[in-house]
2 protein chains.
Amino acid sequence: MQQRINLAHGEGGELTHKLIKEVFEKAFGHGEHTKYDAPMLECKSEIIAFTTDSYVVKPIFFPGGNIGKLAVTGTVNDLAVSGAVPKYMTAGFIIEEGLSLRYLKEVVDSMAAEAKKAGIRIIAGDTKVVEKGSADQLFINTAGVGILESGQKLHQENIQEGDSIILSGTIGDHGIAIVSAREELGLISDIKSDCASLNGLIQELLQKVKGIRVIKDPTRGGLATALVELCEDFHFTSEILEESIPIRNDVHGACDILGFDPLYLANEGKMILIVESKNKERVLQILKKHPLGEKAAIIGRVTSRNVSAGELFLKTPLGTTRRLQRLSGMLLPRIC
Amino acid sequence: MQQRINLAHGEGGELTHKLIKEVFEKAFGHGEHTKYDAPMLECKSEIIAFTTDSYVVKPIFFPGGNIGKLAVTGTVNDLAVSGAVPKYMTAGFIIEEGLSLRYLKEVVDSMAAEAKKAGIRIIAGDTKVVEKGSADQLFINTAGVGILESGQKLHQENIQEGDSIILSGTIGDHGIAIVSAREELGLISDIKSDCASLNGLIQELLQKVKGIRVIKDPTRGGLATALVELCEDFHFTSEILEESIPIRNDVHGACDILGFDPLYLANEGKMILIVESKNKERVLQILKKHPLGEKAAIIGRVTSRNVSAGELFLKTPLGTTRRLQRLSGMLLPRIC
């Protein structure tokens, strides 16, 4: 096989066939599925969760992961935060002509490894190749299907005044890792992306604790944007305490130097949970025992319910309060 | 709203929110679904079909369609040829900074219109924006989920010697339409892409006729590549008659001028059916009555079964026979 991807690899002919056999099938083990345009899959559930995401992160390799690992964890997490058990996913590759085959293999192998870890099966894919200069190395799109196991439905409608807001760990790690991986800022080098599949931890929580109203992963747009969206979508107002939000010292330092607000930096292995107050300690306890939740903290609470336009407020260490909005304008393009 | 897409539209903040509300939600009518990372969907079936495809067609508008219509018909057809009823799809957009918002809206509106026509719901999406020069206007990735209705499973394992090979219409229209839409060849202007959703016709066939062994849409790589794949995957040898393959005169002419073999040109609204011989006339009759099957023809037959390496042969009008292989090398990049 040639050492670089060329346009013919995306033509649907002999070279596409070889690429599928030698790279994708080898890693993902599709087996019989590749014979069909749409593989048939067992799905013993009356409700499925279905999600999609495209990944255009730049660079495609960064501390703590690469675009492939990110594509799997992102899809798994979108399903898991919805309360679903991730089952199947697809992966579409848009490859720039000239990409090193070694890079592609490394990305694909990372996907296979992460999918195995998370218990999701990559069952179909697609490969397109575009001319040099018409894409940037590699874009990946994934879609995922999950099933809802009995009794694990989240009840957003039960959110009430006094509910606790819990964050599963430090924020901003992914955003700063990406910035540091871009050549111009190669100095901040020991911050790794937090990208990780959260489904195991989420399933444990849903099995052991009642009263978890909603879970959301604060990816693009960061903690602040994700919480503003929850407040607006489910009509509640909430307050978070700046001091209580876990942030690594070096991430804090990098943000100070670069002028970023960590509240708006992307995370790829964290979640926000809104939990009935009486269960908050139990949730925190389970989180803290898990490697992906060690730094979990209660960061705020729901202050009023059934407001027409939900709002988010930040209480600073000085005791002042300011309203947080969605990320506005451009912070960091191509973060995921 | 601004008239061109900029990087902030892909940041997950305020502008992404506006773009989703004002373009995608308006066209697709997601409604409540946008609140969730993975919408929950009714799925009364124990078997689902799940497929994905990326679309990088160049140019994004062409005679007979655009990248959006193509993305929907392609997904619908991948599900339908598998025997599934298309139910839900997702759409991920990778947009080059600077794309005209008007173009994006036109593409999205075409998607909504085609999805409505085909009876599939676009239930989730994703938007990424990359810097000018890092993509080529617009790439779309879709994934689709379909359900298998009782009694509609295709039985490839029943393929036998003597089965008929039926093609639902003329080949090469899509390929030539794309070539003609590229600036350098603006002369061949009245050939339209055949892109169309075949699910209605396929459902009718599956309800009315028994003995349909397999259906496949000959997209990238064309009729020859699709048939070679069927022969290899399901271990049979077949022969098709060159004279019997429907090709428009102007497509034939364009192929002669441009040096393309129509057997390898992409189609986006055609299907190959392998049918038990005794039912071939019934299948042909149903096809010919449908606007998408008017030019259907029996083009060949299965000549032997259970061969370890299935092969495809073409019988020419001169009576000679030659073996057809998969598309080899590069014919037309970015055809879909």
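Residues numbered from 1 in each chain as written. Chains lettered and ligands numbered in written order. Predicted model: local features only at pLDDT ≥ 70, side-chain atom pairs only at ≥ 80, totals over all residues. Heavy atoms only, no water.

Colleague: Please explain the sheet that holds strand β10 (residues 236–241) of chain A as it appears in this structure.
Modeller: Whether parallel or antiparallel, the strands of a sheet pair through hydrogen bonds between backbone atoms. All names here are of chain A. Pairing in this open sheet of 7 strands is mixed, and the strands run β9-β11-β8-β12-β10-β13-β14 from one edge to the other. Since the sheet does not close on itself, it has two edges, and those belong to β9 (212–216) and β14 (321–324), each with one partner. Taken over all neighbouring pairs, the strand axes of this sheet differ in orientation by 25° on average, direction set aside. Examined bridge by bridge, β9 and strand β11 (residues 272–275) share 4 bridges and lie antiparallel to one another. Looking at the pairing, I212 lines up with V275 of β11. Contacts between helix α8 (residues 280–289) and the sheet are confined to β8 (164–167), β9, β11 and β12 (297–305), with β8 contributing the most and set at about 5° to the helix. (Pairing = 2+ DSSP bridges. Helix = DSSP H or I, 4+ residues; strand = E, 2+ residues; numbered from the N terminus. Axes fitted to C-alpha atoms, helices over the stretch in contact; angles between N-to-C directions. Contact = heavy atoms within 4.5 Å.)

Colleague: Is there a simple way to think about the interface of chain A and chain B in this case?
Modeller: Many descriptions give the size of an interface as the accessible area lost when the pieces come together. Contacts between chain A and chain B engage 81 residues on the former and 81 residues on the latter. At the surface where chain A touches chain B, the tally comes to 7 salt bridges. Between D53 of chain B and K128 of chain A there is a salt bridge, with its nearest N and O atoms 3.5 Å apart. Put simply, chain A and chain B have 32 residue pairs in polar contact (both at pLDDT 80 or more) between them. Going through the elements one at a time, α1 (14–28), β1 (40–42), β2 (47–55), α2 (67–80), β5 (85–96), β6 (121–130), β7 (138–147) and α6 (222–234) of chain A are the ones with two or more residues in the side of chain A that touches chain B. Taken together, the residues of the side of chain A that touches chain B sort by class into 37 nonpolar, 22 polar and 22 charged. (Salt bridge = Lys/Arg side-chain N within 4 Å of Asp/Glu carboxyl O. Polar contact = N/O pair within 3.5 Å; in protein donor to acceptor, adjacent residues only side chain to side chain. Nonpolar A, V, L, I, M, F, W, Y, C, P; charged D, E, K, R; others polar.)

Colleague: I'm lost on the sheet that holds strand β11 (residues 272–275) of chain B in this one. Help?
Modeller: All names here are of chain B. Spatially, 7 strands are ordered β9-β11-β8-β12-β10-β13-β14 in an open sheet, and the strand pairing comes out mixed. The open sheet is flanked by β9 (212–216) and β14 (321–324), the only strands paired with a single partner. On average, each strand axis in the sheet is tilted by 25° relative to the strand beside it, whichever way the strands run. The sheet contact formed by strand β10 (residues 236–241) and strand β12 (residues 297–305) spans 5 bridges and is antiparallel. Residue T237 lies in a different strand from β12, and its bridge partner there is S304. Helix α8 (residues 280–289) contacts β8 (164–167), β9, β11 and β12 of the sheet and is inclined by roughly 5° relative to β8.

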